[in-house]
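This is what each chain is made of:
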Amino acid sequence: MAGMDREFKELLISVTIVIIGFWTIVQLTSGLIWDWNGWKALEPQSYPPCEVNNFLQFTCSTAWIGMIETIKIAILATFFGMLLSLPLGLLSSRNLFPNYITYPSRAIVSACRSLPSLIWAIVFVIIVGLGPTAGVLAMSIYTVGYLGKMQYESIEGMNSDPLEAANAMGLTKAEISLWVVIPEAANHLIAQMIFMFEYNVRSGTVIGIVGAGGIGYYINLYLKFLEYERVAAYLVIIFLVVLIIDMVSIYLRSFFVDDSEKTKPSWSGLILPPKETVGPPRSNNPRQF
Amino acid sequence: MPAVVRLENLEVGFRSTLLSIEKLEISSGEILAITGPSGIGKTSLLRTISGLLRPISGLVQVDGVRSPERPRRGTIGYIPQKLGLVRHSSVWANVMLGSRAARSSSDSKERAINSIIAMGLEEKKYESVKRLSGGQQRRVAIARTLAQRPKLILADEFLSELDEKTSMKVTKAVTNYVSASGAAMILVEHDIARAKEISDRLLIIDDGRLNPFITDTSILEV
């Protein structure tokens, strides 16, 4: 019963903070995000005319179009980045390959990571022109650098016993990578990929400023028209979307940790601390442990 | 009987010598047990023979191939102390790993199934290895090695964590394989009585040297 009370109290505090935060934001953005008539920032553009039914009118707003484009860019960049980074991550692992392979491979991974995605976006806007293609390319390259490093670090940190057994059997490096390393490191690799998607959504909002597509393009546009309230409203939308993706990402990643079977992931676990199943009951007396 | 393993003037260790062996040969169909106090270099010897650890000096020859050249694929089946299983994969995937590593690629599935049955793991075939008990995991590692059909089995305390009945069943499967296939086996075992029972020869490592006087189980008094 005491546990229920504590949970309820913590939930109440969380909900109150969210409501106060939301109200503050609504006031700061002069009703551009939301007023009593609805979600203003999600009003459809005047041109081209919105032909969907009233209930889905928000899908014609620049906020929606921009945000969806950003998410699409992030999905593609994560996919292509993962495709390229996995072989590079394996080739960069010193517990799998000799130095004459790992050094060049690490150099490629480092080179991809050396420039931030915004600079890559500028480079690709020059090469392929304005639009989301430049964004996908820029973020794919950055993903290779970032994800590749995380991958080879987790592969190098994996238990050496399965590798030794496979080496002693005489399996080739490709077979060891495919049948030992990838299954053994799968949890880490999947969790890193989900994290990278979340990261790409966040950085994808910025690259639009240099013309590489996404919601950043509209933010840049409204900045030029000095519509600062609308810019603030879009930033808040980005914040909310990133927050939701972040929470979903934490939830999904919690399935891919080694103790996920012992502590089943739950949505409430994102906000509330885990339930205490072992150990002595909490005491209100700080001296008593 | 031809020698599957030949060791000559071998110095085993990382930077300093842990263990010296003047001469040792293990013939086809023979089971050799090695025992001795902890930390004396038994596991290092197995790792050196398997090619995982470079010898400080001396000759290591497995199936006619001299170190540092590696013997042919699938020649050595290694059961490390910590088993070396892919924990996130199923029993089947782990045993198939051994089967795929075999010298002959034919009937790999059949070999894997037979090994799983021999270890009494048919009901756990699709279960993730990490969900199995310590003893079951050990049987998976043995099944993986049997599916590989190696010419040399290196086993580091492969019967620990097994109850007596299972231990006997596993021992029978392994010894049958060795005698039927003409493979050789080197096992590290702390339980001298058990080692004596399984092996054709028992070597005791004492003070970093293989004791040359106690090499025959028939004359060993425990």
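What you see is a predicted model; the values in this text were computed from it and never measured.

A. Quick peek at the overall build of chain A. When helices and strands are counted, chain A shows 10 helices and two strands. Ordering the α and β elements of chain A from the N terminus gives α-β-β-α-α-α-α-α-α-α-α-α. For chain A, contacts bridging at least 24 residues in sequence account for 64% of all contacts bridging at least 6.

B. Inspection of the overall build of chain B at higher detail. Of the regular secondary structure elements, chain B holds six helices and 10 strands. Principal-axis analysis of the C-alpha atoms gives chain B an extent of 45 × 40 × 35 Å. Of the contacts formed within chain B by residues at least 6 apart in sequence, a portion of 70% connects residues at least 24 apart.

C. Broad picture of the interface of chain A and chain B. Between chain A and chain B, the contact holds 17 residues from the first and 26 residues from the second. Listed by contribution, the elements that provide at least two residues to the side of chain A that touches chain B are α6 (160–169) and α7 (173–207) of chain A. The greatest single-element share of the side of chain A that touches chain B, amounting to eight residues, is contributed by α6(A). Within the side of chain A that touches chain B, the residues separate by chemical class into 10 nonpolar, three polar and four charged.

D. Up close: the packing of helix α2 (residues 62–91) of chain A against α7(A). Residue and element names in this part refer to chain A. Where α2 contacts α7, the two axes come as close as 9 Å, and the packing angle between them is 145°. For the pair α2 and α7, the sense of crossing is right-handed. Residues Thr70, Ile71, Ile73, Ala74, Ile75, Ala77, Thr78, Gly81, Met82 and Leu90 of α2 lie in contact with α7, whose contacting residues are Ser177, Val181, Met193, Met196, Phe197, Asn200, Val201, Gly204 and Thr205.

E. Seen up close, the nonpolar core. Among the nonpolar cores identified, the biggest contains 115 residues, and Ala138(A), Ala143(B) and Met185(B) are the most heavily contacted of them. Of the residues forming this core, the biggest block, 13 residues, is contributed by α7(A). Shared between two domains, this core takes at least three residues from each, and those domains are domain 1 (1–75 + 152–163 + 182–222) and domain 2 (82–149) of chain B. The contacts of Ala138(A), once residues within four sequence positions are left out, are Ser117(A), Trp120(A), Ala121(A), Phe124(A), Ile207(A) and Ala212(A). Listed in part, the 12 residues of the second largest apolar core include Trp64(A), Met67(A), Ile215(A) and Tyr234(A).

F. Here's a closer look at unusual backbone geometry. With a phi close to 45°, Asn9(B) is a non-glycine residue in the positive phi region. Structurally, Asn9(B) can be placed in strand β1 (residues 3–13).

Cut-offs used in this document
- Residues numbered from 1 in each chain as written.
- Chains lettered and ligands numbered in written order.
- Predicted model: local features only at pLDDT ≥ 70, side-chain atom pairs only at ≥ 80, totals over all residues.
- Helix = DSSP H or I, 4+ residues; strand = E, 2+ residues; numbered from the N terminus.
- Contact = placed C-beta atoms within 7 Å.
- Nonpolar A, V, L, I, M, F, W, Y, C, P; charged D, E, K, R; others polar.
- Axes fitted to C-alpha atoms, helices over the stretch in contact; angles between N-to-C directions.
- Left-handed = near helix turned anticlockwise from the far one by under 90°.
- Core = buried A, V, L, I, M, F, W, Y, C linked by C-beta atoms within 7 Å.
- Buried ≥ 20, exposed ≤ 12 C-beta atoms within 10 Å, placed from the backbone.
- Domains from an automatic or database assignment.

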